[in-house]
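# Secondary and tertiary structure notes
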Amino acid sequence: MPTCNHILPRYERKGRCEAFVFFSVDPTICLLAAATLMAFSGVPGLVMNRPVWGQRIAAVFVVAASIVGEFAVISLLGGSRGATFQIDWPLPFGQALMSVDLLSTIFLLPLFLVCGCVSVYSIAYWPAREQTSAGKLTLFLGFFAAAMVMVVLARHGVLFLIAWEVMALSAYFLLTAEQQSSEVQRVGTIYLIATHTGTMALFAMFSLLRGAIGTFQFPASHSLSQAVPVASVIIITALIGFGGKAGLMPLHFWLPGAHANAPSHVSAMMSGLMLKMGVYGILRTMSFFDALPVWLGWLILLLGTWSAINGIALAAGQRDLKRLLACSSIENVGIIFIGIGLAVVGLQLHAPYLIVCGLFGAFIHIINHGLFKSLLFLGSGVLIHAAGTREIDRMGGLARRMPITSPLFLIGSLAICGLPPLNGFVGELFLYVGAITDGIIAPLPLAALVAPVLALVGGLAVITFVKIYGIIFLGAPRSVAAAHGHEATRAMTAPMVLLALGCLVAGLAPVLLVRLVTPAVAFYGNLAAPEIALVTDQVPLVPLTFANCLLIILVLVIGAAYLLRLRRLPRSLGATWGCGYPEPTARMQYTGTSFSEMVVNLLGAIVAPNRRKPILVTAIPPADARFHYTVTETVLDRILTPLFQGVGLAFSYLRRVQHGQLHIYVLYIFATLCVLMAWTH
Amino acid sequence: MTDIIIHCAVALLFPPLLLGVIGKTKAAFAGRVGAPYFQPYYDLIKLFRKGSVFSETTTWVFRAGPVVTLSATLIACLLIPLGRHAAPISFSGDLILFAYLFGLSRFFTTIAALDTGSSFEGMGAAREVTFSCLAEPTLFFTLITLARMSKSITLSTILTHPTPATWFAAGASMLLLVGALFIILLAENCRIPFDDPNTHLELTMIHEVMVLDHSGPAFGIILYGAALKLFVLGAVFVNVALPIATGNALADWAIFIVAILALAVTIGIVESVMARLRLVRIPQLLVGATILSAFAMMLVLR
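Residues numbered from 1 in each chain as written. Chains lettered and ligands numbered in written order. Predicted model: local features only at pLDDT ≥ 70, side-chain atom pairs only at ≥ 80, totals over all residues. Heavy atoms only, no water.

### Details of empty space enclosed by the protein
Residues and elements named next belong to chain A. A complete count under the given rule lists 11 cavities of 30 Å³ or more for this structure. There is about 120 Å³ of room inside the largest cavity. Around the largest cavity, the lining is made up of 15 residues, and of these V62, S119, T138, L141 and G142 lie nearest the centre. If you list the elements that add at least two residues to the lining of the largest cavity, you get α4 (51–77), α5 (102–125) and α6 (134–153). Considering only residue class, the lining of the largest cavity consists of 9 nonpolar, 6 polar and no charged. (1 Å grid on protein atoms, 1.4 Å probe; cavity = no way out; pocket = protein on both sides within 12 Å on 5 of 7 lines; lining within 4 Å. Points joined across faces, edges and corners; volume = space filled by probe spheres on them. Helix = DSSP H or I, 4+ residues; strand = E, 2+ residues; numbered from the N terminus. Nonpolar A, V, L, I, M, F, W, Y, C, P; charged D, E, K, R; others polar.)

So this is what it looks like as structure tokens:
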């Protein structure tokens, strides 16, 4: 029986005001209630055996859970502290604890928002009326969301691993919704292997941790001495286990395929939320130690930089809309790790500006990425419905047919490029200020090199997202399906509007975003308010709001003047200028592949495009010829796949001993026993 | 207050003259009389009175492109100090906003180009984003180096900091910075050797080909925006390259205007004596500029 054990009964507001009753409930209870609601959201549909209603009921459950959860997060940010609960379970691992602290809020805040949006979206995107797998999908979506909440709440190694596995496995069942497709099966298997390799590392990590402190319960923050002999091993295994889940290079290889082949709303949750659970794991593990080894900060910084540059370079070359978005998730995780790396380096160098800017940058980017990446993935679902393909090069001209999705997708694209006046800029601003301040103060400003790297990544992001937006939405339709594309229903656009509004508000009022994150930064970085204020004063938050508003006003004024002028002058319509060619067709347009061809050639070492050119025969009439172009991925396609194939080949020799003849198998057992007996004597 | 008014007046009215000066210089080299200095102004006035032709494939994005681009450049122009006077909008960390505003304007210019569905404009857009992406790290290396010298992350301080003394103390580093900045100035403004603004072959153009389908007032906005961008980046260059401050406000303004006109003449000379680079060489030159600026940073660390 779970027994309630109030360790911190501090928050007492009972009977003050009816409106505050909700807040007076303990945040942990709220979060547990939300998790329970989400976990069971798919059950009514299964029990009633009426999938259409089941899906709707599930959406109501999840939205209710989201509201409860967000209230809990806000009350936590407002200063209340969650109680710690203790589960007395019959398992031999000691009592399991559950609690919530300010670090958790960073992850829970986008989690509940996105889960609510996704559940509403799924009603129209994966309708139970048409899709037989909808019931299963709804069920696992609930498990998935609840498991992520439990990951954040768990304060006990075994409980954490249980939640982690439920999360990883429900993600597997979600992404293999279209089991018939061989591609889905393939990426599902890769995902399963990758996630369990990671879990294996986590098993090792928690066992070592137990060896060091004698219990599976998480040690209190900063309580573990770095002098523990296995400290470095614990950190390395955590980096492998959690880094793999976060999509940190070189453990990212499962990510593009898995995110591309999952249903779009599942991709939104996997990319916007599940990757962050890996980030959470690393942050939590690092918080156990009183000090961190010197190399760790630089290692994280290096891995983050590598992921950011390679992720966006891979994204730039993609032809598949969702694979492109997935690769850009690797980039964004890289940016988050750059922030964490700066903070850890700052800890070593006793540079508060690096700690504060790094943590702010990372935490703000975690929230931001949850918003805009979910928005873009939900948008990709709308596009797939409209055009019936994921190929960027087969779309085009969809802005005319999708007047709502088009501006929403544009907002998401601008935000993910980190351009003002949207929210993506705010997180990067902190990283830049940290890096440049390091460039000014530090005797050897290595961390300052982050600024040019971020600039390069930003430039590549602009290439990638100009390509995706320009080729998909603008120009003339490149296929019949794209020409007949249609706008989505309101159930699909409304969640996107909410997410886009979040991006806009957070971009225009960065102070708001900083307010949300400050408690977590203070808690995690163990910093006092004046220390934080000293650094955040250097970051132009209020002037940024002013400049952003000025920008919008200027756009409106100049735009209005232009439109008024346009009305007075003669206007005519014509064909696009084709340099004198009288009959241009839609197929002559620049495609996404041609758009990124130049940069792909420059970054050939990373993207490694695989071209197969046709042999041209000068016969008349010329025969059909085919040009084949795929963007390969170094780690998976060049290293892991050949390696696994080689290993498979080697093991095929072993199969000779496994021939299906039972009496020989019994002989094996006898022989083994004989050997063992001889061994012991 | 007077400085702010002069700043706005100079920034708003002056830029097209730079194009006129460049044109006149090139004409002088070619032995022609050339168009009058004020020709760009006449062009602008004419364009704002002309009717427009819109391609049937275009959407609102095509109309929004020039507007957003000009707005972003105008804000950037308010962040930059001119003639040793602090900028009207100046705050700590404004250099990051400055760099990203160009990213925003690039985003909108290129999607407006893609909106026409023309393969030539797609080509121009692809080149523009690729080259600017390579130019971006250089700008940040330069700004970090200058920030380290001036111990500030405010553009107004960073760019008014260079004095003859800084040049004597860190001459090599400053020289490298000036070189890198000049390359960035030419690349970002699509001047020779990166792009020929007067070319007549769509296949070889970068900036001009992106705006082929714009006409009338929209093209006027684009032309003005391009002149403004040249002015803003030119002002950055002049601030770093010319470390003279007399202390007299009006004299400083005069020096600044003469200097930026001289810069226009220099650009005109470069355009007259050089040919366009082959497209494959452009990335090499841009990466070269990045390395130069990285060297400059390394030198100030000593």
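### A word on the interface of chain B and chain A
Of the residues lining the interface, 75 residues belong to chain B; the matching set on chain A comes to 76 residues. Together, the buried faces of chain B and chain A total about 6500 Å²; carbon and sulfur atoms form 76% of this surface. Three residues stand out in chain B for area buried against chain A, namely Y100, F107 and L114 of chain B, and they jointly supply 11% of the buried area on that side. Remark: the boundary between chain B and chain A carries 0 salt bridges. When residues of the side of chain B that touches chain A are traced back to their parent elements, those giving at least two are α3 (39–49), β1 (52–55), α4 (60–79), α5 (94–115), α6 (119–150), α11 (216–241) and α13 (281–301) of chain B. In the side of chain B that touches chain A, the residues fall into 45 nonpolar, 18 polar and 12 charged. Where strand β4 (residues 571–574) of chain A lies against β1 of chain B, 4 bridges are found, and the strand directions are parallel. When the sheet's bridge partners are listed, S572 of chain A is paired in β1 of chain B with V53 of chain B. (Contact = heavy atoms within 4.5 Å. Buried area = accessible area lost by both parts, 1.4 Å probe. Salt bridge = Lys/Arg side-chain N within 4 Å of Asp/Glu carboxyl O. Pairing = 2+ DSSP bridges.)

### Comments concerning unusual backbone geometry
All names here are of chain A. With an omega of 5°, the peptide bond running from P420 to P421 counts as cis. Summarising the element assignment, P421 is placed in the loop between α16 (405–416) and α17 (424–441). Of note, N526 is a non-glycine position whose phi angle comes to about 55°, a positive value. Structurally, N526 is set in the loop between α21 (510–525) and α22 (529–536).

### Details of the side chain of S122 of chain A
The topology assignment puts S122 of chain A in helix α5. Leave out the neighbours within four places in its chain, and S122 of chain A touches Q55, P127 and H265 of chain A.

### Let's talk about the state of the cysteines
Residues and elements named next belong to chain A. Across all of its chains, the model carries 0 disulfides over all chains by this definition. Free of any disulfide, C117 has its nearest cysteine sulfur in C115, 9.4 Å distant. When its relative accessible area of 4% is taken as the criterion, C117 is described as buried. Residue C503 stays outside any disulfide, its sulfur separated by 11 Å from that of C117, the closest cysteine. (Disulfide = S-S within 2.5 Å. Buried < 20%, exposed > 50% of the residue type's maximum accessible area, 1.4 Å probe, protein only.)

### So, the packing of α6 of chain B against α13 of chain B
All names here are of chain B. Between α6 and α13, whose axes approach to 9 Å, the crossing angle comes to 15°. With respect to each other, α6 and α13 are oriented roughly parallel. In the packing of α6 onto α13, the handedness of the crossing is left-handed. Packed against α6, whose contacting residues are F131, L134, A135, P137, T138, F141, T142, I144, T145, R148 and M149, the element α13 presents I282, P283, L286, V287, A289, T290, S293, A294, A296, M297, V300 and L301 at the interface. (Axes fitted to C-alpha atoms, helices over the stretch in contact; angles between N-to-C directions. Parallel < 35°, antiparallel > 145°, perpendicular 65-115°, else oblique. Left-handed = near helix turned anticlockwise from the far one by under 90°.)

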